[in-house]
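# Coordinate inspection notes
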Amino acid sequence: MKRSLKSVILLCLLAACIGGYMLVTHLSEQAAEVSVESKETVVLNARAAEELTALSWTAEDGSIRFTKDDAGWHYDADSAFPANATTLNSMADSLISLTAERSISDVTDLSYYGLAEPSFAVTAEWSDGSTVQYSQGDITAFADGYYVSMSGDSTVYIVSDPLDTVFGKTLNSLAVMETIPAAENVTRITMAGLDAVYEEVSRTINTDQHWYTADGTALDNTAVESLISEIRAVSWEELVTASASEDDLSNMMLADNAETVSLYSGDTAVLTLLIGTANDNGSFYARLPGSGIVYTIAADSLSEVMAATAAGLSAEDSLLTLPYDDVQAARLTAGGTVYDLQTIDQRPAADEAESTETDGSEALPDPTEDDETVWKQLLTVTATGSAAEKEGAEVLLISVTNKHGISAELSVREYDADSYQASLNGGASYTVSADKIDKLIRMLKQLK
């Protein structure tokens, strides 16, 4: 009896399943009869570009709407926004020329195609006052297109490229950003804590020294040129606002409280940047003088610029870097003996080769490769650190005059077991390698 009851129940369930299947099949057939797919190419729009008056959509920046008139495109939220007409015209053309590879007519249930709540929509407004919303739904089953519908139309279109590829742009990408001026032949750089000037002819003994502070302190040429390159390479990261108010500029430290960085060519400032405070992402607010458009500049492209100071760029520890070819005269005194190194330009005539000194100095014969070798050894003597104030016996004194007639003295004194201390023209003392100085003195003794 129980077995018979189970059999009856199973038969009822089977009948219900078969009935449900037949019902679904019947409804699907009805739907198929209602919706008809066409494989003909369809142009979704028959209007001309001149009839378009506005475009609006939602992107990462929120809702965006641009209107168009005889003067061009305008961003509704900010009339001062520098709209990129080329980009917007291209977007409009893409919409106007939108073509479907096939279509499905008489659709009654848009949710089947993901169009009841579309993933993306763009609205076009026309000169006759009408509007059309283009909605994008799901990707097709074979991933060969996207379902698109137009407002008030029961036809679903299949297009190859998604609408959000064309219209999913950030506001930044729709702006024409101001061009940062190029800076060529830079001869001066000014900013907080630095006023550096390029001198064609060195003010100091080292003839390849060209950058100085306004008060004459020598700066590291390579470091200054690197700083200039950093400023030249600055680029806008994002547009913050196209019409900053005075309060906005003050809050971003872009008013009178801005950091001003200028590159000059001669007496003309060829590039000036106003740099303000950093935002939450660490980027700096910035603008050009006289402009109400504010941008951000990435922190990593300004880190060296903002940290630059005259003290940090100082070249005072360079000692002697005078090339041998630029030496007019040099006298080296070590252990009570004086050595005069001569350059090729000072080669005595044949009948003057014999020389007799009466002032106690020992003159070298005609210039030879030995003279240049000694000088090259001297150029290897560089500062290894700052020397504490300490009296020590002088072991070497170098008096030199360059080709411009500028003279200097480098004094080398005892310091510790590994180092001597050296100072140029009585300035700050720096430690130098004892091994290099000892080698130089030995070379001088061999020239006797």
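Just above sits the structure.
Residues numbered from 1 in each chain as written. Predicted model: local features only at pLDDT ≥ 70, side-chain atom pairs only at ≥ 80, totals over all residues. Heavy atoms only, no water.

## Let's talk about the environment of tyrosine 212
Among the structural elements, tyrosine 212 can be located in strand 14 (residues 211-213). The class of tyrosine 212 is buried, set by a relative accessible area of 0%. Side chain to side chain, tyrosine 212 and serine 202 meet in a polar contact 2.8 Å long. Within the structure, tyrosine 212 has its side chain in polar contact with the backbone nitrogen of arginine 203 (distance 2.9 Å). (Helix = DSSP H or I, 4+ residues; strand = E, 2+ residues; numbered from the N terminus. Buried < 20%, exposed > 50% of the residue type's maximum accessible area, 1.4 Å probe, protein only. Polar contact = N/O pair within 3.5 Å; in protein donor to acceptor, adjacent residues only side chain to side chain.)

## A closer look at the environment of glutamate 394
Note that glutamate 394 resides in strand 24 (residues 394-402). Taking the relative accessible area as the measure of exposure, glutamate 394 reaches 39% and is therefore partly exposed. Distance in space between the C-alpha atoms of glutamate 394 and alanine 422 is 9.5 Å, their sequence separation being 28 residues. Residues within four places of glutamate 394 in sequence aside, it is in contact with Ser411, Val412 and Arg413. At a separation of 2.7 Å, a polar atom in the side chain of glutamate 394 contacts the side chain of serine 411. (Contact = heavy atoms within 4.5 Å.)

## A word on helix 8 (residues 434-446)
If you check helix 8, its first and last C-alpha atoms are 19 Å apart, about what 13 residues at 1.5 Å a residue would give, namely 18 Å. Three or more residues of helix 8 are buried, namely Ala434, Ile437, Leu440, Ile441, Met443 and Leu444. (Expected span 1.5 Å × (residues − 1).)

## A closer look at helix 4 (residues 221-232)
Between its terminal C-alpha atoms helix 4 stretches 17 Å, which fits the 16 Å expected from 12 residues at 1.5 Å a residue. In this structure, the buried residues of helix 4 make contact with strand 12 (188-191), strand 13 (194-198), strand 14, strand 16 (259-265), strand 17 (268-278) and helix 6 (303-307). Residue aspartate 220 occupies the N-cap position of helix 4, its side-chain oxygen lying 3.0 Å from the main-chain nitrogen of threonine 222.

## Here we look at the sheet that holds strand 18 (residues 284-287)
The strands that make up a sheet are held in pairs by hydrogen bonds between backbone atoms, and each pair lies either parallel or antiparallel. Read from one edge to the other, the open sheet built from eight strands follows the order 14-13-12-16-17-18-19-15, with strand pairing classed as antiparallel. Of all strands in the sheet, those with a lone pairing partner are strand 14 and strand 15 (238-241), marking the two edges. Going from strand to strand, the sheet's axes swing by 25° on average, the running direction of each strand aside. Both strand 17 and strand 18 contribute to a ladder of three bridges, which runs antiparallel. By the bridge assignment, isoleucine 275 is partnered in strand 18 with alanine 286. (Pairing = 2+ DSSP bridges. Axes fitted to C-alpha atoms, helices over the stretch in contact; angles between N-to-C directions.)

## With respect to the pairing of strand 20 (residues 327-334)
When strand 20 meets strand 24, the two strands line up antiparallel, connected through six bridges. Considered in strand 24, the bridge of valine 327 is made with asparagine 402. With five bridges joining them, strand 20 and strand 21 (residues 337-341) adopt antiparallel strand pairing. When the sheet's bridge partners are listed, threonine 333 is paired in strand 21 with valine 338. Hairpin connection between strand 20 and strand 21: a loop of two residues separates the two successive antiparallel strands, and glycine 335 in this loop has a positive phi of roughly 60°.

## Observations concerning the environment of glutamine 133
Of note, glutamine 133 is situated in strand 9 (residues 131-139). For glutamine 133, a relative accessible area of 34% puts it in the partly exposed group. Distance in space between the C-alpha atoms of glutamine 133 and serine 56 is 9.4 Å, their sequence separation being 77 residues. Residues within four places of glutamine 133 in sequence aside, it is in contact with Ala121, Val122, Thr123, Ser149, Met150 and Ser151. At 3.1 Å, the side chain of glutamine 133 forms a polar contact with the side chain of serine 135.

## What to know about the pattern of salt bridges
All chains considered together, the criterion is met by 10 salt bridges. Among the ionic pairs, arginine 47 bridges to glutamate 51, the shortest N-O distance being 3.7 Å. Residue glutamate 51 is classed as partly exposed on the basis of its relative accessible area, which comes to 28%. With a closest N to O distance of 2.7 Å, arginine 331 and aspartate 340 form a salt bridge. With a relative accessible area of 34%, arginine 331 lands in the partly exposed category. Overall, aspartate 340 belongs to the buried group, its relative accessible area being 17%. Bridged by salt links that share partners, the residues Arg47, Glu51 and Asp128 form one connected network. (Salt bridge = Lys/Arg side-chain N within 4 Å of Asp/Glu carboxyl O.)

## What to know about the packing of helix 7 (residues 369-379) against helix 8
Remark: helix 7 packs on helix 8, axes separated minimally by 9 Å, with the N-to-C direction vectors making an angle of 165°. Between helix 7 and helix 8, the angle is such that the two are roughly antiparallel. Viewed along their axes, helix 7 and helix 8 form a crossing whose handedness is left-handed. Contact with helix 7, carried on its side by Thr373, Val374, Gln377 and Leu378, involves Lys436, Lys439, Leu440, Met443 and Leu444 of helix 8 and no other residues of that element. Class assignment for the residues of the contact of helix 7 with helix 8 results in five nonpolar, two polar and two charged. (Parallel < 35°, antiparallel > 145°, perpendicular 65-115°, else oblique. Left-handed = near helix turned anticlockwise from the far one by under 90°. Nonpolar A, V, L, I, M, F, W, Y, C, P; charged D, E, K, R; others polar.)

## Looking at the packing of aromatic side chains
By the definition in use, this model includes nine aromatic pairs. Ring centres of tyrosine 113 and tyrosine 147 lie 4.9 Å apart, and the angle between their planes is 65°; this geometry places the pair in the edge-to-face category. You can see tyrosine 113 sitting in the loop between strand 7 (102-105) and strand 8 (120-126) and its partner tyrosine 147 sitting in strand 10 (residues 146-150), a full 34 residues away along the chain. Residue classification places tyrosine 113 among the buried residues on the basis of a relative accessible area of 8%. Aromatic pair tryptophan 236 and tyrosine 295: ring centres 4.1 Å apart, planes at 15°, arrangement stacked. Pair noted here: tryptophan 236 is in the loop between helix 4 and strand 15 and tyrosine 295 is in strand 19 (residues 294-297), with a separation of 59 residues, a long-range link. Judged by relative accessible area, which is 12%, tryptophan 236 ranks as buried. Among the aromatic residues, those joined into a cluster by ring pairs are Trp57, Phe66, Tyr75, Phe81 and Phe167. Positioned above the aromatic ring of tyrosine 264 is the side chain of arginine 188, whose terminal nitrogen or guanidinium carbon lies 5.1 Å from the ring centre. The residue whose ring lies beneath arginine 203 is tyrosine 212, and the NZ or CZ to ring-centre distance is 5.1 Å. (Phe/Tyr/Trp six-rings, centres within 6.5 Å; stacked < 30°, edge-to-face > 60°. Lys NZ or Arg CZ within 6 Å of the ring centre and 35° of its normal.)

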